Amino acid sequence: MIRGFTIIFLLLSLPMFSQDHDENISALIDRYTSKLDVDCEIKIETDVEGMIVPDKIVRVKFKDNGKPKVEGKGIMLLPKKGMLNQFHDMLTSPFQAIYLSKRKDNLVYKLVSLDPNSDWITADLEFNENTFLVQKSIVNTHNHGTFYIEHNYKTYDFPSQSVITFNVKKFKLPLKFIGRTETTSSSNSNNENVIGKVTLSYTYLD
């Protein structure tokens, strides 16, 4: 409840919820809101407390910023945050950006969602001031807890690996199940908090 009052106070202190962003946020928006046309294979390694989930390699096509097309067999657990299209969805919604600090060549901003229907509340983004590629993010959501995301890059535009960690109630596990031909097992019998990590390793296809 205190966090909610803090966010409300922060919003009320901002000048008319202005959508005029500084040059850094404008450049970040330009980078992540261009059309996404990517075909890739993703190795998904899921480490969730109390669950046994085999590693998977799936093919995912991102086209024109629409819903990604996923191809693969068996159970696939995809995180609700941290995929390639996350920042497009976030940066095309109304938000207020607040500069926090600078860490070497990285800038840190807090984004506060101004959309009452958005699934995210705030996001702390750390991105390179030259390439405007997001290195780290902390995303607070309404229904799926908090996501800690770190991206590693080998090529200029897209991450070679993304590591997503979270700590939430088990019954609100922030993963999308696709397929039902394999089983997962869990030693948790109630709704206690679980710690999870999903590692996405990308191979980009021509």
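The sections below set out a description of the structure shown in this document. These figures come from a predicted structure and were not determined experimentally.

A few words now on the nonpolar core. Core analysis: the biggest nonpolar cluster contains 42 residues, and Ile25, Leu28, Ile42, Leu111 and Phe127 have the highest contact counts within it. Looking at which element gives the most residues to this core, the answer is strand β1 (residues 37–48), with five residues. With residues near it in sequence (within four places) discarded, Leu111 still touches Ile25, Met90, Leu91, Phe95, Gln96, Ala97, Trp120, Ile121, Thr122, Ala123 and Leu125.

Right, let's get into the layout of surface pockets. Considered as a void within the structure, the second largest pocket measures approximately 240 Å³ in volume. What lines the second largest pocket is a set of 18 residues, among which Tyr32, Leu36, Leu84, Asp157 and Phe158 lie closest to the centre. If you list the elements that add at least two residues to the lining of the second largest pocket, you get α2 (23–32), α3 (86–91) and β10 (146–153). Residue composition of the lining of the second largest pocket, grouped by class: ten nonpolar, five polar and three charged.

Side chains that differ in sign of charge can pair as their charged atoms come close. In total, this model carries seven salt bridges according to the counting rule given. Notably, a salt bridge pairs Asp157 with Arg31, separated by 3.3 Å at the nearest N-O pair. Of this pair, Asp157 sits in the loop between β10 and β11 (159–169) while Arg31 sits in helix α2, and the two are 126 residues apart along the sequence. According to the relative accessible area criterion, Asp157 is partly exposed, its value standing at 39%. A residue is classified by how much of its surface remains accessible, and Arg31, at 23% relative accessible area, is partly exposed. Asp37 is the salt-bridge partner of Lys63, the closest N and O atoms lying 3.2 Å from each other. A residue pair is termed long-range when its members are at least 10 positions apart, and Lys63 in strand β3 (residues 56–63) and Asp37 in strand β1 qualify at 26 residues. Classification of Asp37 as exposed rests on a relative accessible area of 53%.

With a phi angle near 55°, Lys104 is a residue other than glycine that sits in the positive phi range. Looking at the secondary structure, you find Lys104 in the loop between β6 (95–103) and β7 (106–113). For Lys104, a relative accessible area of 78% translates into the label exposed. Even without being a glycine, Phe132 presents a positive backbone phi close to 60°. As for its placement among the helices and strands, Phe132 is situated in the loop between β8 (120–128) and β9 (134–141). A relative accessible area of 16% places Phe132 in the buried class.

By secondary structure assignment, the location of Thr146 is in strand β10. A residue is classified by how much of its surface remains accessible, and Thr146, at 16% relative accessible area, is buried. A distance of 2.7 Å separates a polar atom in the side chain of Thr146 from a polar atom in the side chain of Asn140.

Turning our attention to the environment of Glu126. Among the secondary structure elements, Glu126 is positioned in strand β8. The spatial distance from the C-alpha of Glu126 to the C-alpha of Lys102 is 8.7 Å, given a sequence separation of 24 residues. If we ignore the near neighbours within four places in the chain, the residues touching Glu126 are Arg103, Asn106, Leu107, Val108, Leu133, Val134, Gln135 and Lys136.

Moving on to the packing of aromatic side chains. A full pass over the atoms with the stated rule returns seven aromatic pairs. With centroids separated by 5.4 Å and ring planes inclined at 75°, the aromatic side chains of Tyr99 and Tyr109 adopt a geometry described as edge-to-face. With Tyr99 in strand β6 and Tyr109 in strand β7, this residue pair connects regions lying ten residues apart in the sequence. We classify Tyr109 as buried; its relative accessible area is 2%.

Inspection of the secondary structure assignment puts Ser93 in the loop between α3 and β6. By relative accessible area, which is 12% here, Ser93 ends up buried.

Relative to β10, β9 runs antiparallel, the two sharing five bridges. What sits directly across from Val139, in β10, is Phe147. Counted between consecutive antiparallel strands, the loop separating β9 from β10 contains four residues, among which Gly145 sits at a positive phi close to 70°.

So, how was this worked out
- Residues numbered from 1 in each chain as written.
- Predicted model: local features only at pLDDT ≥ 70, side-chain atom pairs only at ≥ 80, totals over all residues.
- Heavy atoms only, no water.
- Core = buried A, V, L, I, M, F, W, Y, C linked by side-chain atoms within 4.5 Å.
- Buried < 20%, exposed > 50% of the residue type's maximum accessible area, 1.4 Å probe, protein only.
- Helix = DSSP H or I, 4+ residues; strand = E, 2+ residues; numbered from the N terminus.
- Contact = heavy atoms within 4.5 Å.
- 1 Å grid on protein atoms, 1.4 Å probe; cavity = no way out; pocket = protein on both sides within 12 Å on 5 of 7 lines; lining within 4 Å.
- Points joined across faces, edges and corners; volume = space filled by probe spheres on them.
- Nonpolar A, V, L, I, M, F, W, Y, C, P; charged D, E, K, R; others polar.
- Salt bridge = Lys/Arg side-chain N within 4 Å of Asp/Glu carboxyl O.
- Polar contact = N/O pair within 3.5 Å; in protein donor to acceptor, adjacent residues only side chain to side chain.
- Phe/Tyr/Trp six-rings, centres within 6.5 Å; stacked < 30°, edge-to-face > 60°.
- Pairing = 2+ DSSP bridges.

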